[in-house]
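A look at the structure
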Amino acid sequence: MEHSDVEKVVVFANWKMYKTAEEAKTFINMLVKDFKDIEKLVTIMCVPYPYIAALCPLCTDTQIHIAAENMYELDWGAYTGEVSAPMLKSVGCSHVLLGHSERRGYFGEKDESVNRKFRCAQKHGITPIVCIGETSEEKQKGLMHDILQRQIKICIDGVSKENPCYVAYEPRWAIGAGITPELGDIEKTHRFLRETVTARYGEEVSQSIGILYGGSVNKENAYDICTLEHVDGIGIGSCSLDFDCFSASLRNAVAAKE
Ligand code: PGA
């Protein structure tokens, strides 16, 4: 988390493989118009690659940032179909989502490769939002804490306080499922994550990292989740596709921090 963002609520949207270029532009223009002056809010819009270059200039000098939903772990080379951090940087992209559940589930991404991407993003001054979270099977087997600890150890290895980053706790069984953990459980898990990050990387680094919750967040639960201790913000998938749902969630997230 940028130091200046400590008192702010951070909300990232993940559009996944939805929206046309025209729809994306209209949405971002509306967002900038309604939210650019809300000081307590940092909004990060993870959008499909082809739209990044057109959307970044719409957000200049605002606290709304355009992010990629993924990137490759190397700078340049013969890697047909991949997109690298220097490419993203060259079109003004400031943030990148890494290790999302769908990348892990459908494309076989592992913690080690998430870490290579993390290091590469940081090297190029792109702020990573690193997704971690247990599957329902891991949860049922009582492995949740082991999994989260391992992910914190591997995915953000090399983190430093000079290079801001976010960790998004997204239980994989809650994504797109319309169910979230109980509020008390979200709070407990975030406390555990904060303690784990502090134990491994030290107090100063830990304070520089925003820990966000994602998985079936919408306008109905955004307020309650954002009031929880150790929750610095939220990640929103399905509800971020609809402007009314997303803007209501943003307002509720801000209200929670007032
Ligand atoms: P969801 O998705 O809000 O639709 O559960 C969250 C995500 O994929 O980050």
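Above this text sits the structure in question.
Structural notes, computed from the coordinates.

**Remarks on the state of the cysteines**
- If you walk through the whole model with that rule in mind, you get one disulfide.
- Note that C239 is cross-linked by a disulfide to C245, the S-S spacing being 2.4 Å. Here the disulfide of C239 and C245 is left-handed, its torsion about the S-S bond being about -105°. In this pair, the class of C239 matches that of C245, namely buried.
- In this structure C59 is not part of a disulfide, and its nearest cysteine sulfur, from C56, lies 6.9 Å away.
- Judged by relative accessible area, which is 5%, C59 ranks as buried.

**Thoughts on the site of the ligand**
- For the ligand, the full set of nearby residues is N14, K16, H100, E170, A174, I175, G176, G215, S216, I236, G237 and S238.
- Here the ligand loses 98% of its free accessible area of 290 Å² to cover by the protein chains.
- For the ligand, the cavity whose grid points lie within 2 Å of the majority of its atoms is the second largest pocket.
- Along the lines of polarity and charge, the residues of the shell around the ligand split into three nonpolar, seven polar and two charged.

**Focus: the layout of surface pockets**
- One number sums up the size of the largest pocket: a volume of about 510 Å³.
- Lining the largest pocket are 17 residues, with K16, M17, E69, R103 and F107 sitting closest to its centre.
- In terms of residues, the lining of the largest pocket owes the most to one element, helix α4 (residues 101-107), which gives four residues.
- When its volume is computed, the second largest pocket comes out at roughly 190 Å³.
- Lining the second largest pocket we find 18 residues, and of these G176, S216, I236, G237 and S238 sit closest to its centre.
- The set of elements that each furnish at least two residues to the lining of the second largest pocket consists of β1 (9-14) and β8 (233-236).
- Broken down by class, the residue content of the lining of the second largest pocket amounts to six nonpolar, 10 polar and two charged.

**Quick word on helix α1 (residues 21-35)**
- Taking 1.5 Å of rise per residue, the 15 residues of α1 would be expected to cover 21 Å, and the 21 Å separating its terminal C-alpha atoms lies within 8% of that figure.
- Within the span of α1, buried status applies to A24, F27, I28, L31, V32 and F35. Buried positions in α1, seen along its axis, are confined to an arc of 130° and lie on one side of it. Exposed residues lying more than 90 degrees from the buried face of α1 are E22 and K33.
- Buried residues belonging to α1 abut β2 (41-47), α2 (49-55), β3 (64-68) and α11 (243-256).

**Quick notes on the packing of aromatic side chains**
- Per the counting criterion, the structure on display carries six aromatic pairs.
- When the centroid spacing of 6.1 Å and the interplanar angle of 40° are considered together, the rings of F27 and F246 count as tilted. Taken together, the residues F27 in helix α1 and F246 in helix α11 connect sequence positions 219 residues apart. Exposure class is identical for F27 and F246. Each is buried.
- An aromatic cluster is defined as three or more aromatic residues linked by ring pairs; in this entry it consists of W15, F27, F243 and F246.
- When the ring centre of F107 is taken as origin, the NZ or CZ atom of R103, which lies over that ring, is 4.1 Å away.
- Between R200 and the ring centre of Y201, over which it is positioned, the NZ or CZ distance is 6.0 Å.

About the cut-offs
- Counting of residues starts from 1 at the beginning of each chain's written sequence and follows it residue by residue.
- A pLDDT threshold of at least 70 governs which residues receive local features in this predicted model, and a stricter bar of 80 or more applies before side-chain atom pairs are shown or counted, although totals over entire chains, interfaces and linings include all residues.
- Side-chain figures throughout are based on the complete set of non-hydrogen atoms in the structure, without hydrogens or water.
- Here, a disulfide means two cysteine sulfur atoms that sit within 2.5 Å of each other.
- Exposure classes here rest on a 1.4 Å probe applied to the protein chains alone. A residue is buried below 20% of its type maximum, exposed above 50%, and partly exposed in between.
- The rule for a residue being near a molecule or strand is that one of its heavy atoms must lie within 4 Å of it.
- For the area figures, the Shrake-Rupley method with a 1.4 Å probe applies, and any residue is considered shielded solely by the protein chains shown.
- Put simply, the grid is 1 Å and covers the protein atoms alone, a cavity is a trapped set of points that fit a 1.4 Å probe, a pocket is an open set with protein on both sides within 12 Å along at least five of seven lines, and lining residues have an atom within 4 Å of a point.
- Being in a pocket or cavity means that more than half of the molecule's atoms lie within 2 Å of its grid points.
- Residues are grouped as follows: Ala, Val, Leu, Ile, Met, Phe, Trp, Tyr, Cys and Pro are nonpolar; Asp, Glu, Lys and Arg are charged; all remaining types, including Gly, are polar.
- Grid points are joined across faces, edges and corners, and a volume is the space filled by probe spheres set on the points.
- A helix here means a DSSP run of H or I that spans at least four residues, while a strand means a run of E at least two residues long, and both kinds are numbered starting from the N terminus.
- An expected span of 1.5 Å times one less than the residue number is assigned to each helix.
- Directions from the helix axis toward the C-beta atoms define the arc.
- Only heavy atoms matter for contacts: two residues are in contact if any of them lie within 4.5 Å across the pair.
- Each Phe, Tyr or Trp ring (for Trp, its six-membered ring) is paired with any other whose centre lies within 6.5 Å, and the angle between the two planes then decides the class: stacked below 30 degrees, edge-to-face above 60, tilted in between.
- Here, a charge over a ring is recorded when the distance from Lys NZ or Arg CZ to the ring centre is within 6 Å and its angle to the ring normal is within 35 degrees.

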